[in-house]
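Each chain, written out:
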Amino acid sequence: MRKYRIFTVFFLIIVTTAILFSCSREDALGLESDVLELQSPYGRWKLEGYASSESKQITLVLGNKNSYYLTLNKDGTFTGTSSTNAIGGKFTIDTHRGVINFSTTDFYSSGKLTETNDGNLYLNRLLKVKNYRVFTNKLHFYYSDKEYLLFIKPVK
């Protein structure tokens, strides 16, 4: 009987040590402050700004309250707004690998000539997006290895 108690105590010490000193998935990815959530990118999002995973700095995007929205539909279409115009088109997505591509041939803007400089910057970066990651109420659209568009779930 004493052997089983010693074994049980030894086992509990090993398990506890392994749990305390193991590296979680979020820590390994450098996401200690954000909780990775298993949710889809579909739905309505509002552009918060441009960010860098290297510097952790965010350049906020200012505009009127109806600017910079993006709705991703499960049928592979999207709609939204830029700085002054309605936008839409098609995209392809691989939710298992976190890959997304916006089709340049199916992309439309209701008034590209009246777009602001900030709006043109947003549209150019949106069309360069190749990868995404979804966090609790946040969506990162990577247009380079370390730079991304930061979207948030809009307040209802």
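Preceding this paragraph is the structure being described.
Residues numbered from 1 in each chain as written. Predicted model: local features only at pLDDT ≥ 70, side-chain atom pairs only at ≥ 80, totals over all residues. Heavy atoms only, no water.

**Student:** Can you break down the nonpolar core residue by residue, with the values?
**Tutor:** Leu70, Phe102, Tyr122, Phe141 and Leu149 are the most contacted members of the largest nonpolar core, which has 25 residues in total. Taken together, the elements giving at least two residues each to this core come down to strand S1 (43–52), strand S3 (69–72), strand S5 (86–94), strand S6 (99–102), helix H3 (117–128), strand S8 (131–135), strand S9 (138–142) and strand S10 (147–152). Not counting residues up to four positions away in its chain, the partners in contact with phenylalanine 102 are Leu70, Leu72, Phe78, Lys90, Phe91, Leu126, Leu127, Val129 and Phe141. (Core = buried A, V, L, I, M, F, W, Y, C linked by side-chain atoms within 4.5 Å. Buried < 20%, exposed > 50% of the residue type's maximum accessible area, 1.4 Å probe, protein only. Helix = DSSP H or I, 4+ residues; strand = E, 2+ residues; numbered from the N terminus. Contact = heavy atoms within 4.5 Å.)

**Student:** Outline the pairing of S10, supporting the account with residue identities and numerical values.
**Tutor:** For S1 and S10, the ladder comprises six bridges, and the chain directions are antiparallel. By the bridge assignment, lysine 46 is partnered in S10 with isoleucine 152. When S9 meets S10, the two strands line up antiparallel, connected through five bridges. For tyrosine 142, the partnering residue across the bridge sits in S10 and is tyrosine 148. Hairpin connection, S9 to S10: the antiparallel pair is bridged by four residues. (Pairing = 2+ DSSP bridges.)

So yeah, pure geometry; function would need other evidence.
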